[in-house]
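Geometric and topological summary
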Amino acid sequence: MTRPGAVVIVGESIAGLTAARELRARGYDGTITMVGREPEGAYARPPLSKDVLRDAAAEPGLAYPCADLDLQHVRSPAVALDCPARTVTTEDGRAVSYDALLVATGAAARRLAAPGQRGELVLRTLADARAIRERMDLAASVVVVGAGFLGMEVASAAVARGMEVTVIDTEPPLRRLLGPYLSGRLAARAAAAGVRTHQVAGPVGLVGDPVDGVALPDGRTLTADLVVTCAGDVPAVDWLSGTPLANPAGIAIDERCSTSLPGVFAAGDVARLGPPSDRGTGRTPFWSSAVAQGKVAAASMLGQESPLLPIDDYFWTEVLGLSVKVAGPLPPDGGPTSVEGDVDAGDALLRWDRPGLPTTVVAFGRKVPVGRLRAIARDGDTTTEEKP
Amino acid sequence: MRIHVDYDRCESHGLCTEQAPRLFSLDDDAELTYHAEGSDVPADQQALARAAIASCPVAVLRESS
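Since we're looking at a predicted model, the values are computed, not measured.

Glancing now at the overall build of chain A. When helices and strands are tallied, chain A shows 7 helices and 24 strands. Expected size for 388 residues packed as a compact globule is a radius of gyration near 21 Å; at 21 Å, chain A falls within 12% of this value. With 388 residues in all, chain A has 46% of them scored as buried. By sequence separation, contacts in chain A at least 24 residues apart represent 60% of the contacts at least 6 residues apart.

Put into structure tokens, the structure is as follows:
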């Protein structure tokens, strides 16, 4: 492909913003139009479920500067893609033409409310985080539906704010993502901090209008001042309906972030490399993966090769004040093959070495640079004193 | 161009050190060092500096004039 005359990026996400920055870094001086739904523009989302739930003072620091990139901003949601005409239509009625298009619309929270049922709280945007924080200001108890990393981060914030916290899931906390060993350790930590975890046999429903409780599969109902749904995310492909990209499992991309449509690329939480899957080769809705894919997509939009792989599986979370940083395939099975440090004290480096496969490495409450974690995951580590 | 680092909120992910290794590094204890503290970012480092600001998942880097 020759140099595109006009680049359009849909989604003021970290994937979208990274792509814009990479386009400029690669010398592209044409028009870049960013189409986004957030009135405030791009901001960092990882702190939403951590600092922002505790303190409004964290908000001003979230915005991402992009004034140096000479971007055209359209702050209205994209509602349609016309591939033959190569235009994106926005909610406010504009038609934006592209030569190369990057879809970086991310994912939306999966909701559990029945049609018409009001007051379900989810956490995906700054507005969501504000709404939950303001409700927490007045609440003494919270039920969190979902014990994945988002659910446990919300639970952690609620505990820090002195609330009574119950977390509901069909599996133990963080089991799907982090495997049985880390799940057990972190569940114990949560229990010690006063978080009640409630394992249920099947799907739950929300009760009340507005929502004020959760209906359990055994017929009982749990009520609380606040109910927060943290039940996963769904790729934001609604606006692509009528195109081959509108796959609810995510937009299929190749290793250049190309889609099945000419001139259309995708990156970040909305994209899926490989077949649909809960783990491994499917969507990798992590920050560092969105950054990596944004860079690859920018190179591809310019018809250039990228030296980067579009997947970066560095991931982190924070559970009851303990930071957990992970590189390598998830979830690690069984117990770690080596432990350096003290897991109980929350200061350890854990490894899962498997012959012929990439290592999974976890910094458990210990500060370890991401570069070292990636090096261990990639090819084993030579600097550690621990024997494998 | 100057950069303000909010060290209290830094979580040592170190993504900035990958974007702009001449400006940012992590020591053996993974504590961040910013090498242009108190001075202007050199002209040839400014684009990388902005990429580093944008790469921080906890948004603790800020451009100041």
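Looking now at the overall build of chain B. Each helix and strand counted, chain B has 2 helices and 4 strands in total. Taking 2.2 N^0.38 as the reference for a compact globule, 65 residues should give roughly 11 Å; the C-alpha atoms of chain B span a radius of gyration of 10 Å, in line with that estimate. Judged by the C-alpha coordinates and their principal axes, chain B covers about 30 × 20 × 20 Å. Look at the contacts in chain B between residues 6 or more apart in sequence, and 66% of them connect residues 24 or more apart.

Residues and elements named next belong to chain A. Mapped onto the secondary structure, Ala363 falls in strand β24 (residues 360-364). As a C-alpha pair, Ala363 and Phe286 span 77 residues in sequence and 17 Å in three-dimensional space. Excluding anything up to four places from it in sequence, Ala363 contacts Lys325, Leu349, Val368 and Leu373.

Take the sheet that holds strand β6 (residues 95-97) of chain A next. The pairing of strands in a sheet comes from backbone hydrogen bonds and takes either a parallel or an antiparallel form. Residues and elements named next belong to chain A. Strands sit in the order β4-β5-β6 across an open sheet of 3 strands; the sheet is antiparallel. One side of each edge strand has no neighbouring strand; the edge strands of this open sheet are β4 (78-82) and β6. The sheet shows a mean angle of 25 degrees between the axes of neighbouring strands, taken without regard to direction. Pairing geometry for strand β5 (residues 87-90) and β6, over 3 bridges, is antiparallel.

Taken N-terminus to C-terminus, the directions of helix α1 (residues 14-25) of chain A and helix α2 (residues 46-55) of chain B make an angle of 170 degrees; their axes are 11 Å apart at the nearest point. Relative to α2(B), the element α1(A) is oriented roughly antiparallel. Residue-level inspection shows A:Leu17, A:Thr18, A:Arg21 and A:Ala25 of α1(A) in contact with α2(B), the latter providing B:Ala47, B:Ala51 and B:Ala54. Its residues placed into classes, the contact of α1(A) with α2(B) shows 5 nonpolar, 1 polar and 1 charged.

Okay, the sheet that holds strand β13 (residues 211-215) of chain A next. Residue and element names in this part refer to chain A. Strand order across the open sheet formed by 3 strands is β12-β13-β14, with antiparallel pairing between neighbours. Every interior strand has two partners, whereas the edge strands, β12 (205-208) and β14 (221-223), have only one. Taken pair by pair, the neighbouring strands of this sheet meet at an average axis angle of 35 degrees, ignoring direction. Taken together, the 3 bridges between β13 and β14 define a ladder with antiparallel strand orientation. By the bridge assignment for β14, Gly213 is matched with Thr223.

Its location among the elements puts A:Glu91 in the loop between β5 and β6. With near-sequence residues (within four places) excluded, A:Glu91 lies in contact with A:Ser76, A:Pro77 and A:Val79.

This part is about the domain arrangement of chain A. All names here are of chain A. Each assigned domain of chain A is listed here: domain 1 (6-108 + 233-301), domain 2 (111-229) and domain 3 (321-379). Between domain 2 and domain 3, the contact holds 9 residues from the first and 11 residues from the second. By residue number, the principal contributor to the side of domain 2 that touches domain 3 is helix α5 (residues 175-192), which donates 8 residues. Looking at side-chain class alone, the side of domain 2 that touches domain 3 contains 4 nonpolar, 2 polar and 3 charged residues.

Moving on: the interface of chain A and chain B. Contact with chain A, which involves 21 residues of that partner, is made by 21 residues of chain B. Looking at the side of chain A that touches chain B, the elements that each hand over two or more residues are α1, α6 (287-301) and α7 (370-379) of chain A. If one sorts the elements of the side of chain A that touches chain B by residue count, α1(A) sits on top with 4 residues.

This paragraph deals with the confidence of the model for chain A. Residue-level pLDDT values for chain A average 92, and 95% of them are 70 or greater. Confidence over residues 381-388 of chain A falls short of pLDDT 50; this stretch has 8 contacts with residues more than four positions distant or in other chains.

Calculation notes
- Residues numbered from 1 in each chain as written.
- Chains lettered and ligands numbered in written order.
- Predicted model: local features only at pLDDT ≥ 70, side-chain atom pairs only at ≥ 80, totals over all residues.
- Helix = DSSP H or I, 4+ residues; strand = E, 2+ residues; numbered from the N terminus.
- Rg over C-alpha atoms; globule rule 2.2 N^0.38 Å.
- Buried ≥ 20, exposed ≤ 12 C-beta atoms within 10 Å, placed from the backbone.
- Contact = placed C-beta atoms within 7 Å.
- Pairing = 2+ DSSP bridges.
- Axes fitted to C-alpha atoms, helices over the stretch in contact; angles between N-to-C directions.
- Parallel < 35°, antiparallel > 145°, perpendicular 65-115°, else oblique.
- Nonpolar A, V, L, I, M, F, W, Y, C, P; charged D, E, K, R; others polar.
- Domains from an automatic or database assignment.
- pLDDT = per-residue confidence, 0-100.

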